[in-house]
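Residues per chain are reported as follows:
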Amino acid sequence: STVYLNGEYMPMSEAKISPMDRGFLFGDGIYEVVPSYNGRLVGFAPHFDRMNDGMKSIGIELDMSHDEWREISEKLSEANGAGNLGIYYHVSRGTDTKRTHNYPAGVKPTVFAFAFEIPAEPVADKTKAKSYSVSTSDDLRWKRCNIKSTALLGNVLHYQQGIDDGNQECILFNAEGFMTEGSSTNAYIVKDGVVITPALSTQLLPGITRLMLLDILRKDGSIQVEERPVSRAEFDAADEVWLSSSSKEVAAVVSVDGKPVGNGQIGDVWEKAQALFSAGKY
Ligand code: PDD
């Protein structure tokens, strides 16, 4: 496949970076994943606003406009079949000749992007949609989970925990017993028709799918939304549990730690919310 590296397009097999790159040595970088369905990018502007916020918060200076990012997205989509793609963008602090923890002066950020296949847009039909099973765990990650850092070992360990249990994701709870998010997704419960998800904080990623979903639900008004803490007890008594991410859109969880959620079937509120999301995403 064709990838982008530092201003050039090339076959993936020809893309090379130095082992002295700080992305490799320290996980010192910021990334994004933007869905592209037949060339149509979803959430493009908020994704790159978040990318810029992340770079600012770790002191990476890169002069790339939204238009330049858009051109890379369009070229990668075209060069990679223009189907259902996730476009991955990665900016590391750059390549130095020494390994020092402090930010080195005068290095140029490394900019990399490639496309990978993602599932087709979910159909809002609870009899046909893919359902998910999850594990749960104490959230053992760091205290700046709002930064979309390429240092993902904490997330990798939690995701693997889910896989080792035979599930597809792991939902995390903070030291006070409140839900934070999934290892690669935002998390929600539904109780008595109300969608509840934790408010943004340093304990979770400000997901773009979350941003659009809450915006769409509030504008529509037929499903009530609350952003507030979700205790473990409330989670265990939920009628529905959902995940959201750029590659999954809204995803229904039907099993938690081997026990059914509600009646063990995908719920009606999910079906309605995914339909609204499909129609309203931007
Ligand atoms: N994951 N929380 C975490 C920890 C994530 O890694 C992600 C995204 C999300 C959802 O964010 P968004 O709606 O903006 O995709 C929440 C991406 C897709 C990944 O790492 O592959």
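The structure contained in this document is the topic of the report that follows. Keep in mind the model is a prediction, meaning the values are calculated, not measured.

Some points on the overall build of the protein chain
Then comes step 1: For the protein chain, the helix and strand inventory stands at 7 helices and 15 strands.
Then comes step 2: At 19 Å, the protein chain has a C-alpha radius of gyration in line with the 19 Å of a compact globule built from 282 residues.
Then comes step 3: Taking the principal axes of the C-alpha coordinates as reference, the protein chain spans close to 55 × 40 × 35 Å.
Then comes step 4: Taken across its 282 residues, the protein chain has 37% of its residues classed as buried.
Then comes step 5: Taking the intrachain contacts of the protein chain between residues at least 6 apart in sequence as the baseline, contacts between residues at least 24 apart amount to 70%.

Details of the sheet that holds strand S3 (residues 29-37)
Then comes step 1: Read from one edge to the other, the open sheet built from 6 strands follows the order S2-S1-S6-S5-S3-S4, with strand pairing classed as antiparallel. Every other strand in the sheet has two partners, leaving strand S2 (8-11) and strand S4 (40-41) as the edge strands with one partner each.
Then comes step 2: The strands touched by helix H2 (residues 44-57) within the sheet are S3, S4 and strand S5 (84-92), with S3 carrying the most contacts at an inclination of about 175°.
Then comes step 3: Taken strand by strand, helix H3 (residues 66-79) contacts strand S1 (2-5), S2, S3, S4, S5 and strand S6 (110-117), and its axis lies near 40° from that of S6.

Some points on helix H4 (residues 153-164)
Then comes step 1: Relative to the 16 Å expected for 12 residues at 1.5 Å per residue, H4 spans 16 Å between its end C-alpha atoms, a close match to the ideal helical length.
Then comes step 2: For H4, every residue scored as buried is listed here: His-158, Tyr-159 and Gly-162. Summarising the axial view, the buried residues of H4 lie within an arc of 100°, below the 170-degree limit, and thus occupy one face. With respect to the buried face of H4, the exposed residues turned more than 90 degrees away are Leu-153, Val-156, Gln-160, Ile-163 and Asp-164.
Then comes step 3: As for H4, its buried residues are in contact with strand S7 (131-138) and strand S8 (169-173).

A word on the pairing of S7
Then comes step 1: Bridging between S7 and strand S14 (residues 249-256) involves 4 bridges; their strand directions are parallel. Counterpart to Val-134 in the pairing with S14 is Val-256.
Then comes step 2: In terms of strand pairing, S7 meets S8 through 5 bridges, oriented parallel. The residue of S8 that forms the bridge with Asp-138 is Phe-173.
Then comes step 3: Handedness of the β-α-β unit built from S7, H4 and S8 comes out right-handed.

Observations regarding the environment of Phe-178
Then comes step 1: Relative to the helices and strands, Phe-178 is located in the loop between S8 and strand S9 (179-182).
Then comes step 2: Here the alpha-carbon distance between Phe-178 and Asp-138, two residues 40 residues apart in the chain, equals 9.5 Å.

Each value, and the rule that gives it
Residues numbered from 1 in each chain as written. Predicted model: local features only at pLDDT ≥ 70, side-chain atom pairs only at ≥ 80, totals over all residues. Helix = DSSP H or I, 4+ residues; strand = E, 2+ residues; numbered from the N terminus. Rg over C-alpha atoms; globule rule 2.2 N^0.38 Å. Buried ≥ 20, exposed ≤ 12 C-beta atoms within 10 Å, placed from the backbone. Contact = placed C-beta atoms within 7 Å. Pairing = 2+ DSSP bridges. Axes fitted to C-alpha atoms, helices over the stretch in contact; angles between N-to-C directions. Expected span 1.5 Å × (residues − 1). Arc of directions from axis to C-beta. Right-handed = clockwise from strand over helix to strand, strands pointing away.

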